[in-house]
Amino acid sequence: VNMYLFAVAMWTCGKIVHDILLLCGVAEEKTLLVGAVTLIFQALAVGAGLMASIGAMQVFSAPAYTEHDHSNNQCHCYYKLSVFRAFSMIAVPLVLYIAEEAKTKRVVQAAALGGDFLYYTMFEVPFRVVRQN
């Protein structure tokens with residue numbers, strides 16, 4: 001969970017830095033590099049989030065002691081999450097994955113060939129064209 005929160009925080013900070021650099025007129029080669037780094041953190045957030053959701057819903061072994069038997073017996077247990085919590089544990093990383101796929105397509109295919117984009121809003125044309133108007 002800590003890796004997930006770290007990756008989401010770095011991904012968010014990277015998006016903010018990217019847009020600020022782009023709005024300040026920094027060269028597109030540098031903003032595209034920042035965008036690629038944010039993709040790495042977004043992918044890390046997807047992986048860590050899915051691992052956290054698997055960990056929250058998996059069966060685990062715990063020591064089971066009875067009053068009269070002090071042997072090291074194992075009890076197989078699981079956490080019973082509410083439907084909403086279980087769904088949100090899976091849905092959030094999956095939504096991040098869908099967003100990552102769309103961003104990868106934009107950054108790698110469109111931005112590298114036609115120009116960089118702002119992340120906070122969607123443009124159909126590169127930002128350098130928007131800046132000129």
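Scroll up for the structure.
Here the structure is a predicted model, which means the values were calculated and not measured.

**Q** How do you make sense of the packing of aromatic side chains when you look at a structure like this?
**A** Two aromatic rings, taken as a pair, are described by how far apart their centres are and by the angle between their planes. Here the structure, examined in full by the defined rule, presents one aromatic pair. Aromatic pair phenylalanine 6 and phenylalanine 41: ring centres 6.1 Å apart, planes at 80°, arrangement edge-to-face. Of this pair, phenylalanine 6 sits in helix H1 (residues 2-23) while phenylalanine 41 is found in helix H2 (residues 28-57), placing the two residues 35 residues apart along the sequence. Note on phenylalanine 6: relative accessible area 42%, which makes it partly exposed.

**Q** Hey, could you run me through the environment of tryptophan 11 in this one?
**A** With respect to the helices and strands, the residue tryptophan 11 is situated in helix H1. On the basis of relative accessible area, tryptophan 11 is assigned to the buried category, the value being 14%. Separated by 34 residues in the primary sequence, tryptophan 11 and alanine 45 have C-alpha atoms spaced 8.1 Å apart. Non-local contacts of tryptophan 11, meaning those with residues more than four positions away in its chain, are made with Thr38, Phe41, Gln42, Leu96 and Lys103.

**Q** Mind showing me how you'd approach the environment of lysine 15 here?
**A** Its location among the elements puts lysine 15 in helix H1. Using a relative accessible area of 26% as the deciding quantity, one classes lysine 15 as partly exposed. What lysine 15 contacts, discounting residues up to four positions off in sequence, is Thr38, Lys103 and Tyr119.

**Q** What should I look at first to understand the packing of H1 against H2 in this one?
**A** Working note: a packed helix pair is described by the angle between its axes plus the distance between those axes. Interhelical geometry of H1 versus H2 gives an angle of 160° and a closest axis separation of 8 Å. If you check the angle between H1 and H2, you find them roughly antiparallel. Here H1 runs over H2; the crossing is left-handed. Per-class residue counts for the contact of H1 with H2 are 15 nonpolar, seven polar and one charged.

**Q** What is the right way to read H1 from this model?
**A** Given 3.6 residues per turn, any residue in an α-helix points the same way as the ones three and four places further on. Taking 1.5 Å of rise per residue, the 22 residues of H1 would be expected to cover 32 Å, and the 32 Å separating its terminal C-alpha atoms lies within 8% of that figure. Within H1, burial applies to Tyr4, Ala7, Trp11, Gly14, His18, Asp19 and Leu22. When H1 is viewed along its axis, its buried side chains cluster within an angular range of 125° and face the same direction. Exposed and facing more than 90 degrees away from the buried side of H1 are Asn2, Leu5 and Leu23.

Thresholds, definitions, all that
Residues numbered from 1 in each chain as written. Predicted model: local features only at pLDDT ≥ 70, side-chain atom pairs only at ≥ 80, totals over all residues. Heavy atoms only, no water. Phe/Tyr/Trp six-rings, centres within 6.5 Å; stacked < 30°, edge-to-face > 60°. Helix = DSSP H or I, 4+ residues; strand = E, 2+ residues; numbered from the N terminus. Buried < 20%, exposed > 50% of the residue type's maximum accessible area, 1.4 Å probe, protein only. Contact = heavy atoms within 4.5 Å. Axes fitted to C-alpha atoms, helices over the stretch in contact; angles between N-to-C directions. Parallel < 35°, antiparallel > 145°, perpendicular 65-115°, else oblique. Left-handed = near helix turned anticlockwise from the far one by under 90°. Nonpolar A, V, L, I, M, F, W, Y, C, P; charged D, E, K, R; others polar. Expected span 1.5 Å × (residues − 1). Arc of directions from axis to C-beta.

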